[in-house]
Amino acid sequence: MNLKQLTCFAGVIALGIPAFGQTQSAKQENFKEKNIIHTWEAKGNPIVTHKYTADAAALVHKDTLFIYTGEDFKGGQTGYNILNWCVFATTDMKHFWEYKTPLKASDFKWGEQNAAWASQVIERNGKFYWYTSSQTTGIGVAVSDRPEGPFKDALGKPLFTNNDSFGKTHSWRTIDPSVFIDDDGQAWIYWGNGACWVAKLNEDMISYDKDYGIKMVDIQGDMAFPFTEAPWIQKRNGKYLLSFAVGFPERIAYAIGDKPEGPYQYQDIINEIAGNSNTNHQAIIDFKGESYFIYHNGGIQTDGGSFSRSICIDKLEYNKDGTIKPVIMTTKGVGN
Ligand code: FUB
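Thresholds applied
Note that residues are indexed from 1 along each chain, following the sequence as it is written. At least 70 in pLDDT is required for a residue's local features to be given in this predicted model, at least 80 for side-chain atom pairs to be given and counted, and no such filter applies to totals for whole chains, interfaces and linings, which use all residues. Only hydrogens and water are set aside; all other atoms, that is, all heavy atoms of the structure, feed into the side-chain values. Only heavy atoms are used to decide nearness, and a residue is near a molecule or strand if one of them lies within 4 Å of it. Whenever two N or O atoms come within 3.5 Å, that pair is a polar contact, provided that in protein one can donate a hydrogen and the other can accept it, and provided that, for residues adjacent in sequence, both atoms are side-chain atoms. Residue-level accessible areas treat just the shown protein chains as cover; the underlying method is Shrake-Rupley with a 1.4 Å probe. When residues are sorted by character, Ala, Val, Leu, Ile, Met, Phe, Trp, Tyr, Cys and Pro go into the nonpolar class, Asp, Glu, Lys and Arg into the charged class, and all the rest, Gly among them, into the polar class. Computed over the protein atoms alone on a 1 Å grid, cavities are sets of points where a 1.4 Å probe fits but cannot get out and pockets are open sets with protein on both sides within 12 Å along at least five of seven lines; a residue lines them when it has an atom within 4 Å of a point. Grid points are joined across faces, edges and corners, and a volume is the space filled by probe spheres set on the points. Counting rule for disulfides: a pair of cysteine sulfur atoms within 2.5 Å. Only when DSSP finds a minimum of two bridges between them are two strands counted as paired. Helix and strand assignments follow DSSP, with helices taken as H or I runs no shorter than four residues and strands as E runs no shorter than two, numbered in order from the N terminus. Fitted lines through C-alpha atoms serve as axes, helices being fitted only where they are in contact, and the angles separating the N-to-C directions of these axes extend from 0 to 180 degrees. Remark: nonpolar core denotes a set of buried residues (Ala, Val, Leu, Ile, Met, Phe, Trp, Tyr, Cys) joined through side-chain atoms within 4.5 Å. Any residue under 20% of the maximum accessible area for its type is buried, any over 50% is exposed, and the rest in between are partly exposed; the area is computed with a 1.4 Å probe on protein chains only. By definition, a salt bridge exists where a carboxyl oxygen of Asp or Glu is found within 4 Å of a side-chain nitrogen of Lys or Arg.

Q: Please set out the site of the ligand residue by residue, giving values where relevant.
A: In the region of the ligand, the neighbouring residues are Asp 55, Tyr 80, Ile 82, Trp 117, Ala 118, Asp 176, Glu 229, Thr 279, His 281, His 296 and Arg 309. At 2.6 Å, a side-chain N or O of Asp 176 approaches an oxygen atom of the ligand. The side chain of Arg 309 places a nitrogen or oxygen atom 2.8 Å from an oxygen atom of the ligand. Its free accessible area being 280 Å², the ligand has 100% of it covered by the protein chains. Looking at the shell around the ligand, its residues break down into four nonpolar, three polar and four charged.

Have a look at this one:
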């Protein structure tokens, strides 16, 4: 066995994916035990082609990259109809698998039942917290002991509603949560459409610091287009990088701050309009020494488009001074 085969073999064992020589039915049994419903080798972008996926969020856990998305119900849709979220995983950016549906819009009894909008999962103290949005009924939080779920509504009510997203009046403003835990242990949550709001999460991750309250993030500088939605927060070399969608159809831009709550200085656009999709929602993640930009387009034809979207992954690169280079959207993707 050469080194490549050995690595593959070790991966297969670690994942519980059947080793060489196993029968097809043993293979299926193993998949079932692990709640894996589909495996495939990605051939470039879009990464997922057996269903329509949007609004990726990414989490690295041990040696695995987990990608959480909403599932656009079918091809050729003319409006959002998103009944559930999905979870996909990979260890090498080429071989992917999908777990059983981990969370549905209807798992939040208080929320809209077909609006599994943008979300993000993060880990704290061995538990996985999934911050979700619906169109108008607010941000929820679900919890699991495992990154692939299943997840359960942790509160039985929203964590934030439109009453918390002050200064704007449109009903779809309390969407697109993004969360990170700073080096001092403080967790921060960002969200918004039309403006970006920020709050501090308490240690329990399912309530927020009422004394700090909720603030509107100040993004300073000459923005090419106004803030639309999709905040994604990351910390790199002591600076806070906030990326977000601007304009409509959307491009993805970013700003840099010295403190989590800002102010942020606008930098530039990093991803242009993603073809035939008017949204573009990004996640940025480092995995095994590379940085990746995960977004969506309407790349599955003939029925892909703004409401039947597909996630894609391309490389993201930083300049020496910590600024982000424009992303080049490709068909080849990253695993080939
Ligand atoms: O998928 C529904 C909404 O479209 C998301 O919440 C936004 O970010 C946009 O991608």
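After that view, the rundown keeps rolling.
Q: Report on empty space enclosed by the protein, specifying residues and quantitative values.
A: Under the defined criterion, the tally for this structure stands at one cavity of 30 Å³ or more. What lines the largest cavity is simply Trp 85, Ala 105, Phe 108, Trp 110, Gly 111, Glu 112, Ala 115, Thr 132, Ser 133, Ser 134 and Gly 138. When grouped by side-chain class, the residues that make up the lining of the largest cavity number five nonpolar, five polar and one charged.

Q: Go over the state of the cysteines with me, naming the residues and quoting the values.
A: Counted under the stated rule, the structure contains zero disulfides. Just so you know, Cys 312 is unpaired, no disulfide at all, and the nearest cysteine sulfur is the one on Cys 86, 15 Å from it.

Q: Requested: an account of the sheet that holds strand β21 (residues 290-297), with residues and values cited.
A: Pairing in this open sheet of three strands is antiparallel, and the strands run β20-β21-β22 from one edge to the other. Looking at strand neighbours, the two that pair on one side only are β20 (283-287) and β22 (310-315), the edges of this open sheet. Each strand of the sheet is rotated relative to its neighbour by a mean of 30°, with strand direction disregarded. Both β21 and β22 contribute to a ladder of six bridges, which runs antiparallel. Residue pairing across strands places Phe 293 opposite Asp 314, the latter belonging to β22.

Q: Give me the nonpolar core: which residues, what numbers.
A: One finds Ile 67, Phe 293, Ile 294 and Ile 313 to be the most contacted residues of the largest nonpolar core, which totals 38 residues. Within the second largest apolar cluster, 23 residues are counted, among which are Phe 31, Tyr 68, Trp 85 and Ala 142.

Q: Pulling in residues and values, what's your account of the layout of surface pockets?
A: Considering only enclosed or pocket space, the second largest pocket measures out at about 540 Å³ in volume. In this structure, the second largest pocket is lined by 25 residues; those nearest its centre are Phe 66, Tyr 99, Arg 146, Pro 147 and Glu 148. Of all elements in the fold, only α1 (3-15), β3 (64-72), β5 (95-99) and β6 (103-104) reach the threshold of two or more residues within the lining of the second largest pocket. Here the lining of the second largest pocket is composed, by residue class, of ten nonpolar, five polar and ten charged.

Q: So what about the pattern of salt bridges? Which residues, and what values?
A: By the definition in use, this model includes 13 salt bridges. Put simply, Lys 239 and Asp 258 hold a salt bridge, and the shortest N to O gap is 2.6 Å. Taken as a pair, Lys 239 in strand β17 (residues 239-246) and Asp 258 in the loop between β18 (251-257) and β19 (264-271) lie far apart in primary sequence, 19 residues in all. Each of Glu 41, Lys 43 and Lys 94 takes part in salt bridges that share partners, so that together they form one network.

Q: How would you summarise the pairing of β19 if you had to cite specific residues and measurements?
A: Where strand β15 (residues 219-220) lies against β19, two bridges are found, and the strand directions are parallel. Considered in β19, the bridge of Gln 220 is made with Gln 265. As judged from the six bridges shared by β18 and β19, these two strands associate in the antiparallel manner. Bridge pairing in β19 links Ala 255 to Tyr 266. Where β18 folds back onto β19 in an antiparallel hairpin, the turn is made up of six residues, including Gly 262, whose phi is positive at roughly 95°.

Q: I'd like to hear about the sheet that holds strand β13 (residues 197-201), residue by residue, with values.
A: The four strands lie next to each other as β11-β12-β13-β14, forming an open sheet whose pairing is antiparallel. Each edge of the open sheet is held by one strand with a lone partner, namely β11 (178-181) and β14 (214-216). Each adjacent strand pair in this sheet contributes to an overall mean axis angle of 25°, direction not counted. Two strands pair when backbone bridges link them, and strand β12 (residues 187-191) and β13 are joined in this way by five bridges, in the antiparallel orientation.

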